[in-house]
Amino acid sequence: MTSDPADLTYADYLDGAREMHAAGRPYLAYLLAEEAALRTPDPATARSIRAQFPAPTRKD
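Residues numbered from 1 in each chain as written. Predicted model: local features only at pLDDT ≥ 70, side-chain atom pairs only at ≥ 80, totals over all residues. Heavy atoms only, no water.

Draft legend 1. Spotlight on a nonpolar patch on the surface. Together, Y27, L28 and L31 line one region of the surface with nonpolar side chains, adding up to about 270 Å² of accessible area. Within the element layout of this structure, L31 appears in helix α2 (residues 26–39). (Patch = residues over 30% accessible without salt bridge, like charges linked within 9 Å, V, L, I, M, F, W, Y side chains within 5 Å. Areas by Shrake-Rupley, 256 points an atom, 1.4 Å probe, with all protein chains shown as cover. Salt bridge = Lys/Arg side-chain N within 4 Å of Asp/Glu carboxyl O. Helix = DSSP H or I, 4+ residues; strand = E, 2+ residues; numbered from the N terminus.)

Set out below in structure tokens:
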């Protein structure tokens, strides 16, 4: 992995989102997935990523 965030690809962010989801961190997974969706050049892929990682609901 790189130390410069500008060098990260959408796949890097998507991997991070999957790791956070597996670790039970849905909000971090959502944030990483949203960044992945913003960085992908394909709108269909972006929609798919967003569908896989919807915004978590608040639990108060």
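Picking up after the structure, the text goes on.
Draft legend 2. A look at the pattern of salt bridges. Following the criterion strictly, the structure yields three salt bridges and no others. Close ionic contact of R18 with D15 constitutes a salt bridge, the shortest N to O distance being 3.7 Å. With a gap of three residues between them, R18 and D15 both fall in helix α1 (residues 10–22), about one helical turn apart. Take D15: its relative accessible area is 40%, and that puts it in the partly exposed class. A salt bridge links R39 to E35, with the shortest nitrogen-to-oxygen separation between them at 2.8 Å. Taken together, the residues span about one helical turn, with R39 and E35 both in helix α2 at a distance of four residues. Relative accessible area serves as the criterion here: at 27%, E35 is assigned to the partly exposed category. (Buried < 20%, exposed > 50% of the residue type's maximum accessible area, 1.4 Å probe, protein only.)

Shape is all these values report; function is a separate question.
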